[in-house]
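# Structural description and commentary
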Amino acid sequence: MNKPKHISDIPQIQQLNNIFSPLDYKERIDKLYHYFREEEILFTSSFGTKSIFLIDAMQEIRPSQAIHFIDTTYHFDETIYYKNQLAKKYDLKIIDILPDKIQNELTKTDEWWNDHPKMCCSINKVAPLKTYTAKHKIWISGLRKSQTKHRSSLSVFEEKGDIIKFYPLLDLSDKAFSKIKHEKSLESHPLEEQGYGSVGCKHCTARGNGRDGRWAGKNQTECGLHLNYFYNKK
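Moving on to the overall build of the protein. Per the secondary structure count, the protein includes 9 helices and 6 strands. Look at the contacts in the protein between residues 6 or more apart in sequence, and 73% of them connect residues 24 or more apart. When the accessible surface of the protein is split by element, carbon and sulfur atoms take 49% of a total near 12000 Å².

Right under this line is the structure:
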């Protein structure tokens, strides 16, 4: 494998998209390490219903890459079980990220997920991750265009303030995703067979197709991690 290039040699976002867009998801992941060092790359996983696909691909191509998991303290027991099960199966290196204890307790006492879901997400997901995004140049995420309206307009590389988001699976269709997952016999999240198409925190997740069950009945479709929360605040 080629050595990572010096930061001054890394192309701009549009150039990166021109280089990576024609590639398939495995080629994209492999090529990423030609431009960035492993310690410059942040890989997060929610260990939700669609997470196994990217985890498996990363283990095949770059098994030494650590996985960061945001433990909001509100995950389903099934998600924690699934996470531990995959960690054992793949020998994953998982780094747990926890919210501020006092602020987290405030959201719990006042049940902010009911009336203030965006603030609850900000405290328990977005804020804890900022320390980690500040230490990395690239953030790998498993977002795909078919999942939401917001995601349908994304490119393989997106500049989000102080960090560049990288979506290797972006243009993988639902059909191709399911086909490959079935062919590889990838292990499903325990809640999938109970009708959960997508799984997040238990208070804001209901049964439903795709992401229909996320923040059902609330004016929200994203937690904030994949919007513009990480822009430079200087």
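Turning our attention to the nonpolar core. Counting 35 residues, the largest nonpolar core has L32, I138, I140 and F157 as the members making the most contacts within it. Not counting residues up to four positions away in its chain, the partners in contact with L32 are F20, I41, I138, I140, F157 and F166. Membership of the second largest hydrophobic core comes to 7 residues, among which are C120, I123, C201 and C204.

For the rest of this paragraph, the subject is the packing of helix 5 (residues 101-109) against helix 7 (residues 117-133). The interhelical angle for the contact between helix 5 and helix 7, taken along N-to-C directions, is 150°, at an axis separation of 10 Å. In terms of orientation, helix 5 and helix 7 fall into the roughly antiparallel class. For the pair helix 5 and helix 7, the crossing hand works out as left-handed. In this structure, helix 5 contributes Q103, N104 and T107 to the contact, and helix 7 contributes C120, I123 and N124. A breakdown of the residues in the contact of helix 5 with helix 7 according to their chemical character gives 2 nonpolar, 4 polar and no charged.

This part takes up the side chain of R28. Relative to the elements of secondary structure, R28 occurs in helix 2 (residues 25-35). A polar contact of 2.8 Å, which involves the side chain of R28, links it to the backbone oxygen of S21. A polar contact of 2.9 Å, which involves the side chain of R28, links it to the side chain of D171.

This part is about the sheet that holds strand 1 (residues 41-43). As summarised here, the arrangement of the 4 strands in space is 1-4-6-5, forming an open sheet in which the pairing is mixed. Strands at the two margins of the open sheet, each flanked by one partner only, are strand 1 and strand 5 (157-160). Neighbour to neighbour, the strand axes of the sheet diverge by 25° on average, direction disregarded. Relative to strand 6 (residues 163-166), strand 4 (residues 138-140) is paired through 3 bridges, and the arrangement is parallel. Directly across from W139, in strand 6, lies its bridge partner K165.

Evaluation of the coordinates by the stated rule reveals 13 salt bridges. The partner of R37 in a salt bridge is E39, with the nearest N and O atoms 3.1 Å apart. Judged by relative accessible area, E39 falls into the exposed class, the value being 52%. In this structure, R62 and E38 form a salt bridge, with 2.9 Å as the shortest nitrogen-oxygen distance. Residue R62 is found in the loop between helix 3 (51-61) and strand 2 (67-70), and its partner E38 is found in the loop between helix 2 and strand 1; the two are separated by 24 residues along the sequence.

Rules behind the numbers
Residues numbered from 1 in each chain as written. Predicted model: local features only at pLDDT ≥ 70, side-chain atom pairs only at ≥ 80, totals over all residues. Heavy atoms only, no water. Helix = DSSP H or I, 4+ residues; strand = E, 2+ residues; numbered from the N terminus. Contact = heavy atoms within 4.5 Å. Areas by Shrake-Rupley, 256 points an atom, 1.4 Å probe, with all protein chains shown as cover. Core = buried A, V, L, I, M, F, W, Y, C linked by side-chain atoms within 4.5 Å. Buried < 20%, exposed > 50% of the residue type's maximum accessible area, 1.4 Å probe, protein only. Axes fitted to C-alpha atoms, helices over the stretch in contact; angles between N-to-C directions. Parallel < 35°, antiparallel > 145°, perpendicular 65-115°, else oblique. Left-handed = near helix turned anticlockwise from the far one by under 90°. Nonpolar A, V, L, I, M, F, W, Y, C, P; charged D, E, K, R; others polar. Polar contact = N/O pair within 3.5 Å; in protein donor to acceptor, adjacent residues only side chain to side chain. Pairing = 2+ DSSP bridges. Salt bridge = Lys/Arg side-chain N within 4 Å of Asp/Glu carboxyl O.

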